[in-house]
Amino acid sequence: MTEREHHEYDVIIIGAGGAGMRAAVEAKQRGLKVALITKSLLGKAHTVMAEGGAAAAMGNVYKEDNWKVHFRDTMRGGKMLNNWRMAQLHAQESPDRIYELEEWGALFDRTKDGKIQQRDFGGHLYARLAHVGDRTGLELIRTMQQRIVSLDVDVYMECKVIRLLTNDDGSVAGAVAYWRPTGEFVTFSAKAVVLATGGVGKSWKFTSNSWESTGDGHAMALWAGAELQEMECIQFHPTGMVWPLSVRGILVTEGVRGDGGVLRNSEGKRFMFDYVADMFRAETAESEDEADRWYDDHSAGRRPPELLPRDEVARSINSEVKAGRGSPHGGVYLDIASRRSAEFIRRRLPSMYHQFMELAGVDITREPMEIGPTCHYIMGGVRVDAETAASCVPGLYAAGEASAGMHGSNRLGGNSLSDLLVFGRRAGMAASDYAESKASVSINEAQVSDYIAEALAPLERENGENPYAIQHDLQELMQANVGIIRKEDELVEALEHLEVLKERVKNVSATGGVSYNPGWNLATDLPSMITVSICAAQGALNRRESRGGQTREDFPKADPELGKINFVQRQTQGAGYLNPISVSPEPLAEMPDELKVLFEEAK
Amino acid sequence: MSDITMRVWRGDQNGGAFENYVMPKVEGEVILDVIHRIQATTAPDLAVRWNCKAGKCGSCSAEINGKPRLLCMTRVDQLPEGEPVTVTPMRTFPVIRDLATDVSFNFEMARKVPAFNPIPKPEEGYRMQQIDVERGQEFRKCIECFMCQDVCHVIRDHEENKPKYAGPRFFIRYAELEMHPLDTNDRRELVREKMGLGMCNITKCCTEVCPEHIKITDNAIIPLKERVVDADFDPVAWLGRKILRRTKRTSEEAAVQPD
Ligand SMILES: Cc1cc2nc3c(=O)[nH]c(=O)nc-3n(C[C@H](O)[C@H](O)[C@H](O)COP(=O)(O)OP(=O)(O)OC[C@H]3O[C@@H](n4cnc5c(N)ncnc54)[C@H](O)[C@@H]3O)c2cc1C
Ligand code: SF4
Ligand code: SF4
Ligand code: FES
């Protein structure tokens, strides 16, 4: 047997989306030895798919905008379940993080006076999203990628981390991974580890997420002793494609609505006017006329109801479809064709034009799009310290979609891209501080061989179950029972079925060899997919209210008491895939008075 | 609906062969969907790259009936009815397994590009006009599918040219930096001497396959060739021209400039 590949680093970063790359830049600029590990090629992470923009209160379009307004919008969008300090840091630091991208070569769309252009998005009081047409994520990822290359960071591509390694005292020691092209295992010892592994959407049937979103970081953190929170809060984006079936779930950017698109039911009615919740009534237009005036001048009218936060819009679409006013394929209509010129649509939304033309044969400059909710983003994740992104495991940090707190129970569009930059940087800084304070670390060989054996088991097992069959059943289950609207008995049932799926994973077998074998790769993803699904179902069962990304049919209202509580999940009876996960309510940090006043002022 | 016959190349560096899969047709599907159904049913170990399934990440490049295509953007109903669909890995890059190729050549070429180096940031931040950023934005639409690299005859069957040829994907990168309103690095000599710009004979095959419809030849390679052969090779004059170009544009917009 050849010797296993092994590397020693100060900081390893797992995940090369916006958050991971930003963390790597920070640690590398400090002069530390840094590795960036990704299970795809560099530049293909989910971040590349982000469309609409990155929210930052730069005030380039509306000079009234500032961090306080952004902070307030973010907290209200998250139904006040956010970690206030994270939301504050995010609102304060986002503009600098965007300007910094310009110093690294990004080319954002411009205003007439040559500043970075900003667009309107749901839940943001002012036009706030820095963007490049509808391919902002591509700009962000390419800029960061080019920065990573210029700093000469060591990048491990198509290298999947399976487990974190820990020291006897519980602190983090490194990670075990395998190279997807060869199937060879590789270990990393590291003084500090940053998790930036993105989301969990692949456990649902209809999702905007790619195969990578299997919640590996969430699960690995839990198995290493970290805590998760808000795992029940999952954002169903209101506008995913619904037809043809094979593209169902693929995202249609909110930019369509920001740029004038409206939602209509089968009767042609702009139904969102019927669904304005009290919390948003004062700032939402009452008539179509008023809403239409707003697009050109935000002081001439109030916001159109199509731009309410995503949870509100997704639930409304769901209700329209249930009431029998949906489109032929079970969605509703998103219409920009009748409202903007073909030239405008093609210039502002080129990739949407492209996507519908090529995948659905629909010309969005002439016809409305058929859309419906799709599983998009998880607000929940690793419970972290606001300033440092540190988890409760010494040396382990988390940023981006893998972390929780910033978005509360519902994320506003555009707040993720800026979140990645703000907290990616902070995680990189804190991990570097920690690494600098540590002497060298060594890894525990017994852990390593256990984890490798576990990962290889599906290849050695004969006549077990096909991993795709388990994935299929998991996706059907989560879609049906832990979807956009939840209720007690279905959640209980989901948890029972998840236990069964957990058992079935023990008997999964993969055919073929270790080299670039998607079936085997999936088999090694299933434990994390099931773990995060259990967390989501458990959280949803415990949170007996409706708030943001958690909607309970049996508890349709928000409960003010539960609004002060995080449901925190951890493994108290030994960490690991097969061990139980406990849930406990823990009080949310209270906002200081000087911030509280922002919510009392009129409007 | 009828069936579709997929002839998929399966193998690795040591060789391989076509395998036929007959799958029922499903309305609206793209080739990647059919491949995923093959994986889920008969061949779970069939190697293919993909991420976004919406033409945005450039992972799923392969050759369909001999032409570079994104598997996720090629609809089954656009291919000739009733004929088998042949899917092979990109030919220019070494195969890893089945449809996945080793594209590290491109990442090596990316490392050779001298980094972006902007002019110092003015107090009030950088100002750029839309018209000035648009040229670079066209090139920054690139999703790094590497299909232009795959189709380019300079390296398609000429392994020996690879070390001295950046290829169309990186010619647009050099062009983008050359046209970037803030950049100060002069890469013209490098592109001419070491990156093989002269070996491109403007066949436009790269432009034809680009899924982002970037006019690689007309908007990047030809202007780059012009600038590189520019008789006046004085770097100071070059920089002067770059900056002049910028200020000229800016003064045109003086009416809307607050400062
Ligand atoms: C279609 C779409 C459009 C969006 N539009 C917007 C928008 O306009 N504005 C906005 O703010 N947000 C948007 N979002 C949300 C936003 O893009 C994501 O939340 C964000 O990009 C997540 O970034 P990340 O850095 O946390 O992780 P990702 O970008 O998801 O990256 C995760 C990384 O982790 C790696 N990884 C995962 N597991 C492992 C493992 N086990 N081993 C090794 N590596 C691993 C992956 O390979 C990848 O490199 C959009 C999302 C989608 C899907
Ligand atoms: S135009 Fe040049 S770069 Fe493009 S394919 Fe032809 S030879 Fe290659
Ligand atoms: S230029 Fe076009 S063809 Fe070439 S890599 Fe970029 S997107 Fe692909
Ligand atoms: S899967 Fe992203 S381009 Fe095809």
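Everything numeric here is computed off the predicted structure, so don't read it as measured data. (Residues numbered from 1 in each chain as written. Chains lettered and ligands numbered in written order. Predicted model: local features only at pLDDT ≥ 70, side-chain atom pairs only at ≥ 80, totals over all residues.)

## Brief notes about the overall build of chain A
(1) Moving on: For chain A, the helix and strand inventory stands at 17 helices and 18 strands.
(2) Moving on: When the backbone C-alpha atoms are referred to their principal axes, chain A occupies close to 75 × 50 × 50 Å.
(3) Moving on: Here chain A, with 603 residues, has 61% of them falling under the buried criterion.
(4) Moving on: Long-range contacts, defined here as pairs at least 24 residues apart, represent 74% of the contacts in chain A between residues at least 6 apart. (Helix = DSSP H or I, 4+ residues; strand = E, 2+ residues; numbered from the N terminus. Buried ≥ 20, exposed ≤ 12 C-beta atoms within 10 Å, placed from the backbone. Contact = placed C-beta atoms within 7 Å.)

## Regarding the overall build of chain B
(1) Moving on: Across its full length, chain B holds 10 helices and seven strands.
(2) Moving on: Split into buried and exposed, the 259 residues of chain B put 45% on the buried side.

## Structural notes on the interface of chain B and chain A
Often, the extent of an interface is quoted as the loss of accessible area upon association of its parts.
(1) Moving on: The interface is formed by 50 residues belonging to chain B together with 50 residues belonging to chain A.
(2) Moving on: Put simply, the parts of the chain that give the side of chain B that touches chain A at least two residues each are α1 (31-41), β6 (95-97), α2 (104-111) and α3 (130-140) of chain B.
(3) Moving on: The dominant element in the side of chain B that touches chain A, judged by the number of residues it contributes, is α3(B), at five residues.
(4) Moving on: Classifying every residue of the side of chain B that touches chain A by side-chain character gives 24 nonpolar, 12 polar and 14 charged. (Nonpolar A, V, L, I, M, F, W, Y, C, P; charged D, E, K, R; others polar.)

## What to know about the pairing of strand β13 (residues 332-335) of chain A
Residue and element names in this part refer to chain A.
(1) Moving on: Where strand β12 (residues 262-264) and β13 come together, three bridges link them in antiparallel fashion. By the bridge assignment, R264 is partnered in β13 with Y333.
(2) Moving on: In the sheet, β13 pairs with strand β14 (residues 369-378) via three bridges, with the strands oriented antiparallel. Counted as the bridge partner of Y333 is E370 from β14. (Pairing = 2+ DSSP bridges.)

## Notes on the site of ligand 1
Residues and elements named next belong to chain A.
(1) Moving on: Around ligand 1 sit 44 residues in total, of which G15, G17, H46, G198 and G400 are the nearest.
(2) Moving on: At the level of secondary structure, the elements contributing two or more residues to the shell around ligand 1 comprise α1 (18-29), α4 (136-150), β7 (159-166), α5 (216-223) and α12 (415-436).
(3) Moving on: For the shell around ligand 1, the leading source of residues is α12, giving four residues.
(4) Moving on: When grouped by side-chain class, the residues that make up the shell around ligand 1 number 15 nonpolar, 23 polar and six charged. (Near = placed C-beta within 6 Å.)

## As for the domain arrangement of chain A
Residue and element names in this part refer to chain A.
(1) Moving on: Taken domain by domain, chain A holds domain 1 (239-375) and domain 2 (454-560).
(2) Moving on: Between the C-alpha centres of domain 1 and domain 2 the distance comes to 31 Å.
(3) Moving on: Taken residue by residue, the interface counts five residues in domain 1 and five residues in domain 2.
(4) Moving on: Among the residues forming the side of domain 1 that touches domain 2, the class breakdown is two nonpolar, one polar and two charged. (Domains from an automatic or database assignment.)

## Considerations on the sheet that holds β12(A)
Residues and elements named next belong to chain A.
(1) Moving on: Pairing within the open sheet is antiparallel, and its four strands lie in the order β11-β14-β13-β12. The open sheet has two edge strands, β11 (234-241) and β12, and neither has a second partner. When the angles between neighbouring strand axes are averaged without regard to direction, this sheet yields 45°. (Axes fitted to C-alpha atoms, helices over the stretch in contact; angles between N-to-C directions.)

## Some remarks on the nonpolar core
(1) Moving on: One finds I13(A), V194(A) and Y397(A) to be the most contacted residues of the largest nonpolar core, which totals 244 residues.
(2) Moving on: Not counting the four nearest positions on each side in its chain, Y397(A) is found in contact with A192(A), V194(A), L195(A), A389(A), A390(A), S391(A), A427(A), A430(A) and A431(A). (Core = buried A, V, L, I, M, F, W, Y, C linked by C-beta atoms within 7 Å.)

## Re the site of ligand 3
Residues and elements named next belong to chain B.
(1) Moving on: Taken together, the neighbourhood of ligand 3 is formed by 17 residues, with C142, C145, C148, R169 and C210 sitting nearest.
(2) Moving on: Listed by contribution, the elements that provide at least two residues to the shell around ligand 3 are α4 (147-151) and α6 (168-179).
(3) Moving on: For the shell around ligand 3, the element with the most residues is α6, which contributes three residues.
(4) Moving on: Of the residues assigned to the shell around ligand 3, the class counts are 13 nonpolar, one polar and three charged.

## A few points about the domain arrangement of chain B
Residue and element names in this part refer to chain B.
(1) Moving on: On domain assignment, one finds that chain B holds domain 1 (3-99) and domain 2 (104-256).
(2) Moving on: Residue-level contacts link 12 residues of domain 1 with 13 residues of domain 2.
(3) Moving on: Taken together, the residues of the side of domain 1 that touches domain 2 sort by class into six nonpolar, four polar and two charged.

## Observations regarding the packing of α1(A) against α4(A)
Residue and element names in this part refer to chain A.
(1) Moving on: Running from N to C, α1 and α4 point in directions that differ by 30°, and their axes come no closer than 10 Å. Relative to α4, α1 is oriented roughly parallel. Judged by the sense of rotation from one axis to the other, the crossing of α1 with α4 is left-handed. Only L140, I141, M144, Q145, R147 and I148 of α4 make contact with α1, whose side of the interface consists of G18, M21, R22, A24 and V25.
(2) Moving on: When the residues that make up the contact of α1 with α4 are grouped by side-chain class, the tally is seven nonpolar, two polar and two charged. (Parallel < 35°, antiparallel > 145°, perpendicular 65-115°, else oblique. Left-handed = near helix turned anticlockwise from the far one by under 90°.)

## Regarding the packing of helix α3 (residues 84-103) of chain A against α12(A)
Residue and element names in this part refer to chain A.
(1) Moving on: Remark: α3 packs on α12, axes separated minimally by 9 Å, with the N-to-C direction vectors making an angle of 95°. One way to sum up the angle between α3 and α12 is to call them roughly perpendicular. Residues L89, H90, E93, S94 and R97 of α3 form the contact with α12, whose own contacting residues are S418, D419, L421, V422 and R425.
(2) Moving on: In terms of residue class, the contact of α3 with α12 is built from three nonpolar, three polar and four charged.

## Here's the deal with α3(A)
All names here are of chain A.
(1) Moving on: Here α3 is 20 residues long and its end C-alpha atoms lie 30 Å apart, about the 28 Å a rise of 1.5 Å per residue gives.
(2) Moving on: Maximum bend of α3: about 45°, positioned at E93, with proline P95 one to four residues after it.
(3) Moving on: Taken residue by residue, α3 has W84, M86, A87, Q88, L89, H90, A91, S94, P95, R97, I98 and L101 as its buried positions.
(4) Moving on: Phi for G105, located one or two positions after α3, is positive at around 110°. (Expected span 1.5 Å × (residues − 1). Bend = angle between axes of the 7 residues up to and from the residue.)

## Structural notes on unusual backbone geometry
All names here are of chain A.
(1) Moving on: In this model, W243 is joined to P244 through a cis peptide bond whose omega is -5°.
(2) Moving on: Structurally, the position occupied by P244 is in the loop between β11 and α6 (255-258).
(3) Moving on: Phi is positive for D152, close to 60°, though the residue is something other than glycine.
(4) Moving on: Within the element layout of this structure, D152 appears in the loop between α4 and β6 (154-156).
(5) Moving on: Classification of D152 as exposed rests on a count of 10 C-beta atoms within 10 Å.
(6) Moving on: Of note in this structure, E158 is not a glycine but carries a positive phi near 50°.
(7) Moving on: Secondary-structure assignment places E158 in the loop between β6 and β7.

## So, the environment of Y353(A)
Residue and element names in this part refer to chain A.
(1) Moving on: Along the chain, Y353 falls in helix α11 (residues 350-360).
(2) Moving on: Sequence separation between Y353 and E286 is 67 residues, and the spatial gap between their C-alpha atoms is 30 Å.
(3) Moving on: What Y353 contacts, discounting residues up to four positions off in sequence, is I345, R346, I364 and T365.

## A closer look at the sheet that holds strand β1 (residues 3-12) of chain B
All names here are of chain B.
(1) Moving on: Strand order in the open sheet formed by five strands is β2-β1-β5-β3-β4, with mixed pairing between adjacent strands. Because the sheet does not close on itself, it has two edges, and the strands there are β2 (15-24) and β4 (67-70). Direction aside, the axes of adjacent strands within the sheet are offset by 35° on average.
(2) Moving on: In the sheet, β1 pairs with β2 via 10 bridges, with the strands oriented antiparallel. Along β2, the bridge assignment pairs M6 with Y21.

## A short note on the pairing of strand β3 (residues 61-64) of chain B
All names here are of chain B.
(1) Moving on: One ladder, built from four bridges, connects β3 with β4; its direction is antiparallel. Residue pairing across strands places I64 opposite K67, the latter belonging to β4.
(2) Moving on: When β3 meets strand β5 (residues 85-88), the two strands line up antiparallel, connected through two bridges. The residue of β5 that forms the bridge with E63 is T88.

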